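Coordinates in review
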Amino acid sequence: MELLAVTEGCHTWVYAVVGTVVLFVMVLWRMRAPVPKGVPLISTFEPFWGTTRDMKATMIDQKLTTPPLYNLAEFYKNGFKAFGWGHFGGRYGVVVVEPEDVKFLLKDNFNNFVKSKEFIDIFHPLFGSGIFNANGEQWKEQRIVASHMFNRRQLRERMSDVFGTHAQEMVQVLTKGTVNIQTIFYHYTFDCINSIAFNREVNSLKGNAKDCAFQAAFDKLQNEIVTRFYVPWWKIHRYFQSSSQERLIQENLKISAEYMDGVVDSYYDENGAVKEQALLGDQTLTGLFLEYARSESKTYSRAFIRDMILNFVVAGRDTTGSALTSCIEYLCKHPEWQEKLIAEAKACFGGSKQEALTFDDIEDKSPIAEAVFLEALRLHPSVPGNEKVALEKTRFPSGVEVEAGAHVSWVPIATNRYKKVWGEDAEEFNPSRWLGDKAANYDDYMYPTFNAGPRLCLGKNMAILEGKIALLTLFAHYRFAAVPGFVPKVVSSVTWQLENGLEVEAIPL
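Rules used throughout
- Residues numbered from 1 in each chain as written.
- Predicted model: local features only at pLDDT ≥ 70, side-chain atom pairs only at ≥ 80, totals over all residues.
- Heavy atoms only, no water.
- Core = buried A, V, L, I, M, F, W, Y, C linked by side-chain atoms within 4.5 Å.
- Buried < 20%, exposed > 50% of the residue type's maximum accessible area, 1.4 Å probe, protein only.
- Helix = DSSP H or I, 4+ residues; strand = E, 2+ residues; numbered from the N terminus.
- Contact = heavy atoms within 4.5 Å.
- Phe/Tyr/Trp six-rings, centres within 6.5 Å; stacked < 30°, edge-to-face > 60°.
- Lys NZ or Arg CZ within 6 Å of the ring centre and 35° of its normal.
- pLDDT = per-residue confidence, 0-100.
- Expected span 1.5 Å × (residues − 1).
- Arc of directions from axis to C-beta.
- Pairing = 2+ DSSP bridges.
- Axes fitted to C-alpha atoms, helices over the stretch in contact; angles between N-to-C directions.
- Salt bridge = Lys/Arg side-chain N within 4 Å of Asp/Glu carboxyl O.

**Here's the deal with the nonpolar core**
Soluble, globular proteins show a tendency: their nonpolar side chains are buried together. The biggest cluster of nonpolar side chains holds 122 residues, and the ones touching the most others in it are Phe123, Ile181, Phe198, Leu285, Ile309, Ile328 and Phe480. Counting residues per element, this core draws most heavily on helix α13 (residues 302-333), which supplies 15 residues. Those residues in contact with isoleucine 309 that sit more than four places away from it in its chain are Phe198, Met260, Val263, Val264, Tyr267 and Thr286. Ranked by size, the runner-up nonpolar core spans 18 residues in total, among them Leu105, Leu106, Val408 and Tyr445.

And the structure:
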């Protein structure tokens, strides 16, 4: 017992000494970080803490009904082109909103802005060395290989059939009355991306326990990981497992890793060689990468294949599931657009609404569904904000200057509501702005929902097709109404996600 007491006492002193040293180093680090100049500072900027305490209170401690990044849109209503921020841990940077600045960041000066080491470290448990967490040649190789899958032939011949089939399954699991539509959409998009990208038939729509458990752990993992941005000492917490966030990350990472290791193992035989049936050419993403490795006489580790799959699960499940949830949320507030969708669905299905919609069924015949989908994504972009770090000092077209090492964020949820671009009704849900020739008025830098420039989302057309088929199939069978008293709460996560889902009333037609 005495030995135990001495040991515990030693641990206390070690923690105290380590904590003091770390605090001293971080104070010096914070002092060397220059305060952004020439732009207003976000929120309550304190000389020592910067905006850390305010950002933590906003992002972690409060349960908000609107996402923190949405609050940035309020700043831009005052006519500012950018805002600066500082971080206790030494990070500093600016947030840009002007389309010309977004274009400069994402295209014109693309090579000067990269994923920061901090970003890569924070998201490594989730993205590893996958395309979302990669720079330079590593990113370029993955994009080139994956791009072969996202072509018009695949959309027409394969993807639309998968979307249509799973959309019919989605309708079958819907019941009259109150449903959590976000959960249903996330199961739908998870089943779709597994079929298309990895040649795996999963059954989360039908309630498969293993698939659903993975998705629940995966969501919790994402939710907790983003809090690292506002906790400068998160690596200490990770090492000692001394915070609830880091313990939850490890707990859910274990569940996610076990599930994904089983997926990856299915592509190899008992001798570690790739199974021939895994080599399906451009039919699957895994096939594309494994074929490429064989043609280049290189070997991808199982960890890389796992990372690649997880990156595209986020891209294929979370972003489109989030977008569809936002569609229903806005349509419940605007029932007139539901009636337009119902009429369009009837026209697209023609004879029987029990048959799965195909590419040809909806091509050039679904402007309402597309307009609703794009407008919901304008107001609730699936990835509300993102950031890079400057390699060299540079000046943006608007006059904003940043030093080398500065973090530069672009925030679609603010740019997409910028009245200078979208007019006085920028805050209003108005799908008609996308109908006819009007959509041509907006380029990727006015509407950076799908990113822009060389990193423009590979799956943009796939997501729009999947969204349209899902909406048309749903509105061939149901209309929806808000549940009185239910208030959706946005949770801090990698993508726009509602902590409590979206409960709506499903009303059969």
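Read on for the rest.
**A short note on the packing of aromatic side chains**
Using the criterion set out here, one finds 24 aromatic pairs in the structure. Ring centres 6.2 Å apart and planes at 65° place the aromatic pair tryptophan 422 and tyrosine 447 in the edge-to-face group. Separated by 25 residues along the polypeptide, tryptophan 422 in helix α18 (residues 419-422) and tyrosine 447 in the loop between α18 and α19 (460-474) bring together distant segments of the chain. When sorted by exposure, tryptophan 422 lands in the same class as tyrosine 447, which is buried. Above the ring of tyrosine 268, the side-chain terminus of arginine 302 is found at 4.3 Å from the ring centroid. Taking the ring centre of tryptophan 422 as reference, the NZ or CZ of arginine 378 above it sits at 5.1 Å.

**Topic: the environment of phenylalanine 349**
Secondary-structure assignment places phenylalanine 349 in helix α14 (residues 335-349). The buried category is assigned to phenylalanine 349, whose relative accessible area is 10%. Here the alpha-carbon distance between phenylalanine 349 and threonine 473, two residues 124 residues apart in the chain, equals 8.4 Å. In this view, phenylalanine 349 contacts Gln168, Glu355, Leu357, Leu472, Thr473 and Ala476; residues no more than four positions away in its chain are not counted.

**Describing the confidence of the model for the protein**
With 82% of its residues at a pLDDT of at least 70, the protein reaches an overall mean of 85. Note that pLDDT drops below 50 for residues 1-8; the model gives that stretch zero contacts with residues more than four away or on any other chain. Confidence drops under pLDDT 50 across residues 44-68; counting only partners more than four residues distant or on other chains, this segment forms 59 contacts.

**Regarding the environment of tyrosine 442**
By secondary structure assignment, the location of tyrosine 442 is in the loop between α18 and α19. Looking at tyrosine 442, the relative accessible area reads 19%, which means it is buried. As for tyrosine 442 and tryptophan 422, which are separated by 20 residues in sequence, their C-alpha atoms are 8.9 Å apart. When residues no more than four places from it in sequence are discounted, the contact partners of tyrosine 442 are Val421, Trp422, Arg433 and Trp434.

**Section: helix α6 (residues 136-147)**
The end-to-end C-alpha separation of α6 is 16 Å, in line with the 16 Å expected for 12 residues at 1.5 Å each. Taken together, the buried positions of α6 are Trp139, Gln142, Arg143, Val145 and Ala146. Viewed end-on, α6 has its buried residues packed into an arc of 165°, placing them on one side of the element.

**Re the side chain of lysine 115**
You can see lysine 115 is positioned in the loop between β3 (113-114) and α5 (117-127). In this view, lysine 115 contacts Ile120, Phe132, Ala134, Asn135, Asn386, Val389 and Arg455; residues no more than four positions away in its chain are not counted.

**Focus: the sheet that holds strand β4 (residues 177-180)**
Strand order across the open sheet formed by three strands is β4-β12-β9, with antiparallel pairing between neighbours. Looking at strand neighbours, the two that pair on one side only are β4 and β9 (478-482), the edges of this open sheet. Between one strand axis and the next, the sheet turns by 40° as a mean value, whatever way the strands run.

**Describing the pattern of salt bridges**
Using the criterion set out here, one finds 27 salt bridges in the structure. A salt bridge links arginine 302 to aspartate 265; its shortest N-O distance comes to 2.7 Å. Placement of arginine 302 in helix α13 and of aspartate 265 in helix α11 (residues 244-265) is noted, with a sequence separation of 37 residues between them. Look at arginine 302 and you get partly exposed, because its relative accessible area is 35%. Of the residues examined, aspartate 265 reaches a relative accessible area of 39% and is grouped as partly exposed. A salt bridge links glutamate 403 to lysine 393, with the shortest nitrogen-to-oxygen separation between them at 3.8 Å. With glutamate 403 in the loop between β7 (401-402) and β8 (407-410) and lysine 393 in the loop between β5 (386-390) and β6 (394-395), the pair connects residues that are 10 residues apart, well separated along the chain. A relative accessible area of 53% places lysine 393 in the exposed class. The network of salt bridges with shared partners includes Arg152, Arg156, Asp360 and Glu363.

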